[in-house]
Amino acid sequence: MSRTVRQISIAADDSLALPNRGSAEPVRRALARPRDPLRPWRIAGLALPFGFLAVVEVLVRLSVLPEHLVPAPSAIAQTLWELGGVRLGRHIGASCVRVLAGFGLGAALALLLGAAMGLSRRLDALLDPAFQALRAIPSLAWVPILLLWMGIDEAPKITLIAIGAFFPVQLSVVAGIRDVDRKLIELGEVNRLDQRALFTRILLPASLPQIFTGLRTGLSLAWMFMVAAELIAATRGLGYLLSDGRETGRPDLVFGAILLLALLGKLSDSVLKAIETHTLSWRDTATDQRSSRSAR
């Protein structure tokens, strides 16, 4: 009996031994990270805007597009260059600070109120009609009210941006909590989780994908509301450049501010998307499964 056990032990040790150099290569290939099947499409997606700008440049140079209405991208770049790095940096920095402050304030308040409304149907029934009515008010309609209440300093600008970021985040938080699978909640109740543990361990993780979608939407709206906010007696910012270009009849300055807004909006969304990907790395969705199959 002991001899048989010894033979089984030796066989098990041999099976767990490290592979030799010849057999390590297949293992290394199996553990290697699969190639991204969407990499060519991602590269093409990055090249597409540059190709579009090149086409516009050619059409303007051939006089197909009127230069006084659609300036050439090279003229836009020259205008931004003539503004100077320090001056242009001040405009960009002022807009970024306002968006960061307004989005942070609006998103934080939306997360708190949205979670409370998602957990309490009574509170949702009380606040939802007013929120839906306020959400329908255009951004420019808030400008005279905020000017009347807060003056012309930074407070009305940040408040307007916070209003733009608040409603999509609040709506996504409420919908995310309400759309959690009922079986998951029943599983938590079976395991005798209290209300706090039920929220932190089941409701919040299950609703995070929809919450991040609302955060990204709120961030894009924050950039849009920032343009309206900088119409409130601003002397610095990308919205101010837009207004200045319109008043002085300089389409190159207007299009330059628009391109900078698009670039900053894309960069900020990419940062938030990277945070979402890292936070939700535990997900096993159908899209991930299709990507893994195509990689094979």
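Our subject is the structure that appears above.
As a convention, each chain's residues are numbered from 1 in the sequence order in which they are written. Restriction of local features to residues with pLDDT of at least 70 applies here, the model being predicted, together with a cutoff of 80 or more for giving and counting side-chain atom pairs; totals for whole chains, interfaces and linings are based on all residues. Side-chain numbers come from the whole structure's heavy atoms, not from hydrogens or water.

Please give an account of the overall build of the protein chain that cites residues and values.
The helix and strand inventory of the protein chain stands at 13 helices and zero strands. Per the convention used, a helix needs a DSSP run of H or I reaching at least four residues, while a strand needs a run of E reaching at least two, with both numbered from the N terminus. Going from the N terminus to the C terminus, the protein chain shows its helices and strands as α-α-α-α-α-α-α-α-α-α-α-α-α. Classification of residues uses two cut-offs on accessible area relative to the type maximum, computed with a 1.4 Å probe and protein chains only: under 20% is buried, over 50% is exposed, and between them is partly exposed. Burial analysis of the protein chain (296 residues in total) assigns 32% to the buried set. Contacts in the protein chain between residues at least 24 apart in sequence constitute 71% of all its contacts with a sequence separation of at least 6. Accessible areas in this description were obtained via Shrake-Rupley with a 1.4 Å probe; residue shielding takes into account the shown protein chains only. Split by element, the accessible area of the protein chain, about 19,400 Å² in all, is 64% carbon and sulfur. Throughout, a residue-residue contact means that at least one pair of heavy atoms, one from each residue, lies within 4.5 Å.

Describe unusual backbone geometry, naming the residues involved and giving the relevant values.
Of note, Ser-63 is a non-glycine position whose phi angle comes to about 65 degrees, a positive value. Position of Ser-63 relative to the elements: it lies in the loop between α3 (39-61) and α4 (73-83).

Pulling in residues and values, what's your account of the environment of Asp-252?
Following the sequence through the fold, Asp-252 ends up in helix α12 (residues 251-279). Distance and chemistry together define a polar contact, namely a pair of N or O atoms within 3.5 Å, with one atom able to donate a hydrogen and the other to accept it when in protein, and with adjacent residues in sequence counting only for side-chain atoms on both sides. Among the polar contacts listed, one links the side chain of Asp-252 to the side chain of Thr-79, at a separation of 2.7 Å.

Residue-level account of the packing of helix α5 (residues 85-119) against helix α11 (residues 238-247), with values.
For any two helices packed against each other, the geometry comes down to the angle between their axes and how far apart the axes lie. For helices, the fitted line uses only the C-alpha atoms of the stretch in contact; every axis is such a line through C-alpha atoms, and the angle between N-to-C directions lies from 0 to 180 degrees. Following both chains from N to C, one finds α5 and α11 inclined at 120 degrees, their axes separated by 7 Å at the closest point. Between α5 and α11, the interaxial angle falls into the category oblique. For the pair formed by α5 and α11, the contact residues are Leu-88, His-91, Ile-92 and Ser-95 on the first element and Leu-238, Gly-239, Tyr-240 and Leu-241 on the second. A breakdown of the residues in the contact of α5 with α11 according to their chemical character gives five nonpolar, three polar and no charged. Oblique is the label for any angle not under 35 degrees, not over 145, and not in the 65 to 115 range, which are roughly parallel, roughly antiparallel and roughly perpendicular in turn. Side-chain classes follow a simple rule in which Ala, Val, Leu, Ile, Met, Phe, Trp, Tyr, Cys and Pro form the nonpolar group, Asp, Glu, Lys and Arg form the charged group, and the remainder, Gly included, forms the polar group.

Could you give an account of α3, naming the residues involved and the relevant values?
With 23 residues, α3 should cover 33 Å at 1.5 Å per step; its first-to-last C-alpha distance of 33 Å lies within 8% of that length. Bend angle per residue: angle between axes fitted to the 7 residues ending at that residue and the 7 residues starting there. Approximately 30 degrees is the largest bend angle found in α3, and it occurs at Ala-47, with the proline Pro-49 only one to four residues beyond. When we look at burial in α3, the residues that qualify are Val-56, Glu-57 and Val-60. Packing partners of the buried residues in α3 comprise α4. Ser-63 lies just past α3 and shows a positive phi near 65 degrees. For a helix, the expected span equals 1.5 Å multiplied by the residue count minus one.

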